[in-house]
Amino acid sequence: MSEVPDILRRICEQRRRRVAAGDAGVSPARRLPVGAAGRRFLDAISARRGSAVIAEIKMGSPKLGDLRGRFDPVARAVTYADAGAACLSVVVEPDHFHGGYDLLAECAAASGLPAVAKDFVVSDVQLAWARDAGACAVLLIAALYDAAELRRLAGVARGLGLVPLVETHEDADFGKLRPLAHDDGQGKNADWELVGINNRDLRNFTVDLERSVDRVCRLPTSGLKVAESGIRSGADVEKLRRAGFDAFLIGERLVLAGDPAVALTELLGAPAPQKVTQ
């Protein structure tokens, strides 16, 4: 963990304490049926490859502060679905991002969108919590693990029916995505199926889209490719699409938007809907 930025280290240490106490699990009353969830997430992106937006719900961050009370997360998730989002991202970390697995369960159920649980995974039990909350995918931040642990956690996620979204940022992360073969239960081998690049430097929160553009060629060719963070306009989406990305995880631009439906429409490159006046 010596290479991990200080903020990641602090979040993970606090996460370990909560998980060890059995805290932040999903309420049993909110558990949803478990199926081939991961396939839903991949299919949703594949169906809109090159224009698939993974729209995010987060109730705060170290940069933005506490956003609770500023918008209704469930209503916003429904708006995302109605406005053309392919998938949903829900930040579930409770201490720094003010999320939870119950939040994921509510937003996924109301919107009908396949959802990825964004957590700082320090224990296998968090993967089970994500599954129980109705997630279809889970975030694995490559910087937190060595190559063997990343592969192990990805395998645990797949065994629970979830697809791992592996997030890279630093150059060292790409070496952890060497060709991987595993039995998918049907006697077939598969490689990393969903991989991303985070444009935000967690040391100082600066964003550089050129990070994704310059490094997309280093991602496994077999995986669907996700650009994450700092995407603010349709021009940004188009730039990343031309670079080779299939999907775009967009948080701050949508979370802070006064009208998220208009913001999402503009990000997708379509004309903003006109309000009808009587």
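Residues numbered from 1 in each chain as written. Predicted model: local features only at pLDDT ≥ 70, side-chain atom pairs only at ≥ 80, totals over all residues. Heavy atoms only, no water.

Some points on unusual backbone geometry
Positive phi is not limited to glycine here, since His-98 has a value of about 60°. Checked against the element boundaries, His-98 lands in the loop between β4 (87-91) and α4 (101-111). Positive phi outside glycine occurs at Ser-229, with the angle close to 80°. Relative to the helices and strands, Ser-229 is located in the loop between β9 (224-228) and α9 (234-243). (Helix = DSSP H or I, 4+ residues; strand = E, 2+ residues; numbered from the N terminus.)

A few points about the layout of surface pockets
Considered as a void within the structure, the second largest pocket measures approximately 470 Å³ in volume. Among the elements that make up the lining of the second largest pocket, the one with the highest residue count is helix α1 (residues 6-20) (three residues). Among the residues making up the lining of the second largest pocket, the classes are represented as 16 nonpolar, five polar and 11 charged. (1 Å grid on protein atoms, 1.4 Å probe; cavity = no way out; pocket = protein on both sides within 12 Å on 5 of 7 lines; lining within 4 Å. Points joined across faces, edges and corners; volume = space filled by probe spheres on them. Nonpolar A, V, L, I, M, F, W, Y, C, P; charged D, E, K, R; others polar.)

As for the packing of aromatic side chains
One pass over the structure, following the stated rule, counts two aromatic pairs. Summarising the aromatic geometry, the rings of Tyr-101 and Trp-129 are spaced 5.8 Å apart at their centres and angled 65° between planes, so their arrangement reads as edge-to-face. Here Trp-129 lies in helix α5 (residues 124-132) and Tyr-101 lies in helix α4, a separation of 28 residues in the sequence. Above the face of the Phe-71 ring, Arg-76 is positioned so that its terminal group lies 4.7 Å from the ring centre. (Phe/Tyr/Trp six-rings, centres within 6.5 Å; stacked < 30°, edge-to-face > 60°. Lys NZ or Arg CZ within 6 Å of the ring centre and 35° of its normal.)

Considerations on the sheet that holds strand β7 (residues 163-168)
Taking strand neighbours around the barrel as the criterion, the eight strands line up as β1-β4-β5-β6-β7-β8-β9-β10 in a closed arrangement whose pairing is parallel. Across the sheet, the axes of successive neighbouring strands diverge by a mean angle of 25°, strand direction being ignored. By the bridge criterion, four bridges tie strand β1 (residues 52-57) to strand β10 (residues 247-250) in an arrangement that is parallel. Residue Ala-55 lies in a different strand from β10, and its bridge partner there is Ile-250. (Pairing = 2+ DSSP bridges. Axes fitted to C-alpha atoms, helices over the stretch in contact; angles between N-to-C directions.)

Describing the packing of helix α3 (residues 73-83) against helix α11 (residues 260-267)
Contact pair α3 / α11: the axes reach a minimum separation of 9 Å and the direction vectors enclose 35°. Classified by chirality, the crossing of α11 by α3 is right-handed. Note on element contacts: α11 touches α3 through Pro-260, Ala-261 and Leu-264, opposite Arg-76, Thr-79, Tyr-80 and Ala-83. Across the contact of α3 with α11, the residue classes tally to five nonpolar, one polar and one charged. (Left-handed = near helix turned anticlockwise from the far one by under 90°. Contact = heavy atoms within 4.5 Å.)

A closer look at the environment of Val-53
Structurally, Val-53 is set in strand β1. What makes Val-53 buried here is its relative accessible area of 1%. Between the alpha carbons of Val-53 and Val-226 there is a distance of 9.3 Å; along the sequence they are 173 residues apart. The contact partners of Val-53, leaving out residues within four places of it in the chain, are Ala-85, Ala-86, Cys-87, Phe-248, Ile-250, Leu-264 and Leu-268. (Buried < 20%, exposed > 50% of the residue type's maximum accessible area, 1.4 Å probe, protein only.)

Remarks on the pattern of salt bridges
Counted by the stated rule, this structure contains 21 salt bridges. Between Glu-149 and Arg-152 there is a salt bridge; the shortest N-O distance is 3.0 Å. Of this pair, Glu-149 and Arg-152 are both found in helix α6 (residues 147-159), three residues apart, which corresponds to roughly one turn of the helix. Residue classification places Arg-152 among the partly exposed positions, given a relative accessible area of 37%. Across the pair Arg-218 and Asp-171 runs a salt bridge, and its minimum N-O distance is 3.2 Å. (Salt bridge = Lys/Arg side-chain N within 4 Å of Asp/Glu carboxyl O.)

Overview of the side chain of His-169
Mapping His-169 onto the fold places it in the loop between β7 and α7 (171-174). Of the polar contacts made by the side chain of His-169, one reaches the backbone oxygen of Asn-198; its length is 2.7 Å. Non-local contacts of His-169, meaning those with residues more than four positions away in its chain, are made with Phe-174, Asn-198, Asn-199, Arg-200, Asp-201, Arg-211 and Arg-215. (Polar contact = N/O pair within 3.5 Å; in protein donor to acceptor, adjacent residues only side chain to side chain.)

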